[in-house]
Amino acid sequence: MIKTRTWIVIIAALVVAAAGAILSIRFFGAPGTTAEIVKGGEVLYTIDLDRVAEEYKIEIGETDGDRNVVTVKPGMICVSSADCPEQICVNTGWASKDHPYPIVCMPHDLVIRIVGTNGEADAEAG
Amino acid sequence: MAKRIVTDAVLAAVALVLFVIEAQIPPIVPIPGVKLGLANIVTVWALMRIGAPDALGISLIRISLGSLFTGTLPSFIFSLSGGLLAFVAILLMKKLLRENQIFVAGVFGAIFHNAGQLIAAAIVYGTASVFVWSPVLILSGIVTGLFTGLVAQLLTKKIPKTIGQRRN
Amino acid sequence: MVKKITAVFFAALISAAFTACGASREYSSDFFAMDTYMSVKTCGTDATGAAEDEARRLETLFSVTDAESEIGRLNANGRVDASDETVELIEKALEISGITDGALDITVYPAVRAWGFTTGEYSVPSPEKIEELRDLIGFTNVKTDGNTVSVPDGYMVDLGAVAKGYLGDRVRDILKNEGVTSAIADLGGSIVTVGGKPDGSPWRVAIRDPNGDGSFGVIEVKDKCVVTSGGYERYFTDEDGVKRWHIIDPATAEPADAGLLSATVIGEDGALCDGLSTALFVMGAEKAEAMWRKEGGFEMILVTITGDVLVTDGIKDSFSLSEGSPYELKVIG
């Protein structure tokens, strides 16, 4: 049987280790894959894709004919739907650290770009 | 037999209520997966006092119905994964713990619950990036697990041994 | 044990913190020009502004949608007195048309419009209309006499298939003049590089997968251009369920149908890579291979409808297929 005191020591050690890890991440900076959602030249959102834990959506655009819906998942981002005629932004698919392809909706002056990554590729031809 | 069903059903209901109530409270911290886990009080107590099969049943009912009421398909998968891993962890701990060490089961149960959720998230989303959250979730697991574990321990002392005990 | 794990954790974090330029300072700027999104990254020296200026300048010359541009006026009046750059680019495009038997044709624009690719109002033109269009396509009728360019009545010229590659050449020259030795620019999907990365390693350029999200492979380059043509960005599905894309075969005035899903050209001359990638897409694998053997001066990566990735000999060591890719790699040697 393990003494209660031993258990307390084990738990305390875990607390220290976890706290240490958290502080280091804050201090050194986590590996960054950041996505910037830029509308009309203005950066609306900066999202650290590596910190995303659950899927969520962002609606961009106030008026009909100017709408894009962005979906963010851990490590990835895409335009899941839009009301532009050509749907190029939707057809582009998911951008991520390894596929740093900018997602562009020209009619809506919207760009989603991946910045600051050192993923598998430096650029994507297409 | 009927007594057993009734006891288990009541416990499942209690766990469900705790779960739903907790879901209404806005999260303290904006990180998914960090929550008190009040329903685990019931799981830990049931496992320690009644036995594994019943505790498992209660837990599964709570996870399924709870997700039905408050969650989405992905969150159900995460809850299930976390719940099962936590259950296995506490089951193993049962051998190692004395009655006044039940709070330890709470701690490790919570840690493994969060681990199970992270693993499920990594698989569902196909990326290991979610593990960046591990240290935070270990820490919150320790804190919340301590709380739920101590409550469960208290209840084992206070609730008479006759309740839940199966006659055989 | 836990301490060990955390230590490994830190190490991984630190090593992952560097950007594309590595230890050098990275300068980048991005902007919309030539109807597309462009982004320029230079290492060590900031010259991104000059690149943007050149893009806008060329746009005022080449833009087919701008009635005041040299191309706009050419299309409206049948002739124009053009600047050196415009004439240079037109003559380059005609050269490429010559060696590809017209697979690239800058006069194919009326057909692109008729199919709705300029407005988003897609439709299949009637057989009569398609006949008409064929009479309006023919690169041999584009004449240059000094700086005067002329085309027959009803013809319309569009430099879209070569302009971004040409811009790439200009940008590369400008950056080199500013003393930049390491840079990479994404000009609407056409990639141009100056040197390699500051540490001497090559730039890694991924290539869009025409069949889905992400890329199917990576090519390593130094000082080269990489341009891909494919129908996967602008297309519509017609009543019979057939995918119709914006790359038109000049011979038929209909979307190209030669068995390729994408064609990538790697080389030093950006305008050549740009124009060739369109031409190869129209020509199909067999003709592309024949042309490559005959002309040389470039390398290519073709993705066929049957799931093959054809890669020429010269880049077989610098191209790698992505892990778990369903494509079959074949080297043309």
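Residues numbered from 1 in each chain as written. Chains lettered and ligands numbered in written order. Predicted model: local features only at pLDDT ≥ 70, side-chain atom pairs only at ≥ 80, totals over all residues. Heavy atoms only, no water.

Student: I would appreciate a short explanation of the overall build of chain B in the present structure.
Tutor: Along the backbone of chain B there are six helices and zero strands. Taken from N to C terminus, the helices and strands of chain B fall in the order α-α-α-α-α-α. Within chain B, the proportion of its 168 residues that are buried is 48%. By sequence separation, contacts in chain B at least 24 residues apart represent 74% of the contacts at least 6 residues apart. Put simply, chain B shows about 8300 Å² of open surface, and 75% of that area lies on carbon and sulfur atoms. (Helix = DSSP H or I, 4+ residues; strand = E, 2+ residues; numbered from the N terminus. Buried < 20%, exposed > 50% of the residue type's maximum accessible area, 1.4 Å probe, protein only. Contact = heavy atoms within 4.5 Å. Areas by Shrake-Rupley, 256 points an atom, 1.4 Å probe, with all protein chains shown as cover.)

Student: I would appreciate a short explanation of the overall build of chain C in the present structure.
Tutor: Looking only at helices and strands, one finds nine helices and 19 strands in chain C. Here the C-alpha coordinates of chain C stretch approximately 80 × 45 × 40 Å along the principal axes. Residues classed as buried in chain C amount to 54% of the 333 residues present. A separation of at least 24 residues holds for 56% of the contacts in chain C among residues at least 6 apart in sequence. Of the roughly 14400 Å² that chain C leaves accessible, carbon and sulfur atoms contribute 47%. Each charge class in chain C was averaged separately, 30 positive and 55 negative side chains, and the resulting centres sit 6 Å apart. (Lys, Arg positive; Asp, Glu negative; His and termini not counted. Charge placed at Lys NZ, Arg CZ, Asp CG, Glu CD.)

Student: Just to check I follow, could you spell out the pairing of strand 7 (residues 190-194) of chain C for this structure?
Tutor: Residues and elements named next belong to chain C. Burial runs high along strand 7: five of the five residues are buried. Alignment of strand 6 (residues 183-187) against strand 7, held across five bridges, turns out to be antiparallel. By the bridge assignment for strand 7, Ala 183 is matched with Val 194. Connecting strand 6 to the next strand, strand 7, in antiparallel fashion are two residues, including Gly 188 with a positive phi near 60°. (Pairing = 2+ DSSP bridges.)

Student: For this particular structure, what's the right way to read unusual backbone geometry?
Tutor: Negative phi values dominate among residues other than glycine, just as trans dominates among peptide bonds. Residue and element names in this part refer to chain C. At Asp 35, a position not held by glycine, the phi torsion is positive, near 65°. You can see Asp 35 is positioned in the loop between strand 1 (26-33) and strand 2 (36-43). The phi dihedral of Ala 253 is positive, around 65°, even though this residue is not glycine. Within the element layout of this structure, Ala 253 appears in the loop between strand 13 (248-249) and strand 14 (254-255).

Student: So what exactly am I meant to see when it comes to the sheet that holds strand 3 (residues 79-81) of chain C here?
Tutor: Backbone hydrogen bonds are what pair the strands of a sheet, in a parallel or an antiparallel way. Residue and element names in this part refer to chain C. Taken together, the three strands give an open sheet; going across it, the order is 3-5-4, and neighbouring strands pair in antiparallel fashion. Strands with a single pairing partner mark the edges of an open sheet, and in this sheet they are strand 3 and strand 4 (143-145). Strand-to-strand, the axes of this sheet are offset by a mean angle of 15°, without reference to chain direction. Taken together, the three bridges between strand 4 and strand 5 (residues 148-150) define a ladder with antiparallel strand orientation. When the bridges of strand 5 are listed, Thr 144 appears paired with Val 149. Sheet contacts for helix 3 (residues 70-77): strand 3 and strand 5; angle to strand 3, the most-contacted strand, approximately 145°. (Axes fitted to C-alpha atoms, helices over the stretch in contact; angles between N-to-C directions.)

Student: Honestly, the nonpolar core in this entry has me stumped. Any pointers?
Tutor: As a rule of thumb, nonpolar side chains are buried together in soluble globular proteins. Formed by 89 residues in total, the largest nonpolar core has its most connected members in Phe62(C), Leu159(C), Ile219(C), Leu280(C) and Ile301(C). Here this core gets eight residues from one element, more than from any other, and that element is helix 8 (residues 270-283) of chain C. Leaving out residues up to four positions away in the same chain, Ile301(C) has contacts with Ile207(C), Phe216(C), Ile219(C), Ser262(C), Ala263(C), Thr264(C), Ile266(C), Val309(C), Leu310(C), Val311(C), Ile315(C) and Phe319(C). Counting 32 residues, the second-largest nonpolar core is a separate cluster that includes Ala12(B), Ala39(B), Ala46(B) and Ala105(B). (Core = buried A, V, L, I, M, F, W, Y, C linked by side-chain atoms within 4.5 Å.)

Student: Quick question: what am I supposed to make of a nonpolar patch on the surface here?
Tutor: Residue and element names in this part refer to chain B. Among the surface-exposed residues, Leu 85, Phe 112, Ile 119, Ile 123 and Phe 131 lie close enough to one another that they form a single nonpolar patch of about 430 Å² accessible area. Broken down by element, the residue count for the nonpolar patch peaks at three residues, all from helix 5 (residues 102-125). Along the chain, the position of Phe 112 falls in helix 5. (Patch = residues over 30% accessible without salt bridge, like charges linked within 9 Å, V, L, I, M, F, W, Y side chains within 5 Å. Salt bridge = Lys/Arg side-chain N within 4 Å of Asp/Glu carboxyl O.)

Student: I keep staring at the packing of aromatic side chains and nothing clicks. Help me out?
Tutor: Aromatic rings considered in pairs are described by the distance between their centres and by the relative angle of their planes. For the coordinates displayed, the defined rule picks out nine aromatic pairs over all chains. Ring geometry for Trp7(A) versus Phe108(B): centroids 5.8 Å apart, planes at 65°, classification edge-to-face. Highlighted residues: Trp7(A) in helix 1 (residues 4-28) and Phe108(B) in helix 5, drawn from two different chains. Across the pair, Phe108(B) and Trp7(A) agree in class, each one buried. (Phe/Tyr/Trp six-rings, centres within 6.5 Å; stacked < 30°, edge-to-face > 60°.)

Student: Would you take a moment to explain the environment of Lys243(C) for this structure?
Tutor: Residue and element names in this part refer to chain C. One can find Lys 243 in strand 12 (residues 243-245). Accessibility expressed as a relative area gives 44% for Lys 243, which makes it partly exposed. Sequence separation of Lys 243 and Pro 255 is twelve residues, and the distance between their C-alpha atoms is 9.1 Å. Among residues more than four places away in sequence, those in contact with Lys 243 are Tyr 235, Phe 236 and Thr 237.

Student: Looking at this structure, I do not really get the packing of helix 7 (residues 160-177) of chain C against helix 8 of chain C. What am I missing?
Tutor: Working note: a packed helix pair is described by the angle between its axes plus the distance between those axes. Residues and elements named next belong to chain C. Two elements in contact, helix 7 and helix 8, have axes whose closest approach is 6 Å; the angle formed by their N-to-C orientations is 155°. By the angle between their directions, the pair helix 7 and helix 8 is classed as roughly antiparallel. Where helix 7 crosses over helix 8, the handedness of that crossing is right-handed. Of helix 8, the residues touching helix 7 (which contributes Ala 161, Val 162, Ala 163, Lys 164, Gly 165, Tyr 166 and Asp 169) are Gly 270, Ala 271, Asp 274, Gly 275 and Thr 278. Residue classes in the contact of helix 7 with helix 8 are distributed as five nonpolar, four polar and three charged. (Parallel < 35°, antiparallel > 145°, perpendicular 65-115°, else oblique. Left-handed = near helix turned anticlockwise from the far one by under 90°. Nonpolar A, V, L, I, M, F, W, Y, C, P; charged D, E, K, R; others polar.)

Student: Can you walk me through a negative patch on the surface in this structure?
Tutor: Residues and elements named next belong to chain C. Taken together, Asp 84, Glu 88, Glu 91 and Glu 95 make up a surface patch of like negative charges. Tracing the chain through its elements places Glu 95 in helix 4 (residues 84-99). The exposed category is assigned to Glu 95, whose relative accessible area is 61%.

Student: I'm lost on the environment of Leu91(B) in this one. Help?
Tutor: All names here are of chain B. Structurally, the position occupied by Leu 91 is in helix 4 (residues 73-96). Exposure remark for Leu 91: the relative accessible area of 35% places this residue in the partly exposed category. On a C-alpha basis, the gap between Leu 91 and Leu 73 in space is 27 Å, while along the polypeptide they are 18 residues apart. Setting aside residues no more than four positions away along its own chain, Leu 91 makes contact with Leu 47 and Ala 52.

Student: Help me understand the sheet that holds strand 16 (residues 299-304) of chain C, please; the structure alone is not making it clear to me.
Tutor: Residues and elements named next belong to chain C. Pairing is mixed across the open sheet formed by nine strands, whose spatial order is 1-2-6-7-10-15-16-17-19. One side of each edge strand has no neighbouring strand; the edge strands of this open sheet are strand 1 and strand 19 (328-332). If you compare each strand with its neighbour and ignore which way they point, the axes differ by 15° on average. The pairing of strand 2 with strand 6 spans five bridges and is antiparallel. Among the inter-strand pairings, Thr 42 is bridged to a residue of strand 6, identified as Ala 183. Strands strand 1 and strand 2 of the sheet are contacted by helix 2 (residues 48-62), whose axis makes an angle of about 15° with strand 1. Against the sheet, helix 8 engages strand 7, strand 10 (225-230), strand 15 (260-267) and strand 16, with an angle of about 160° to strand 15.

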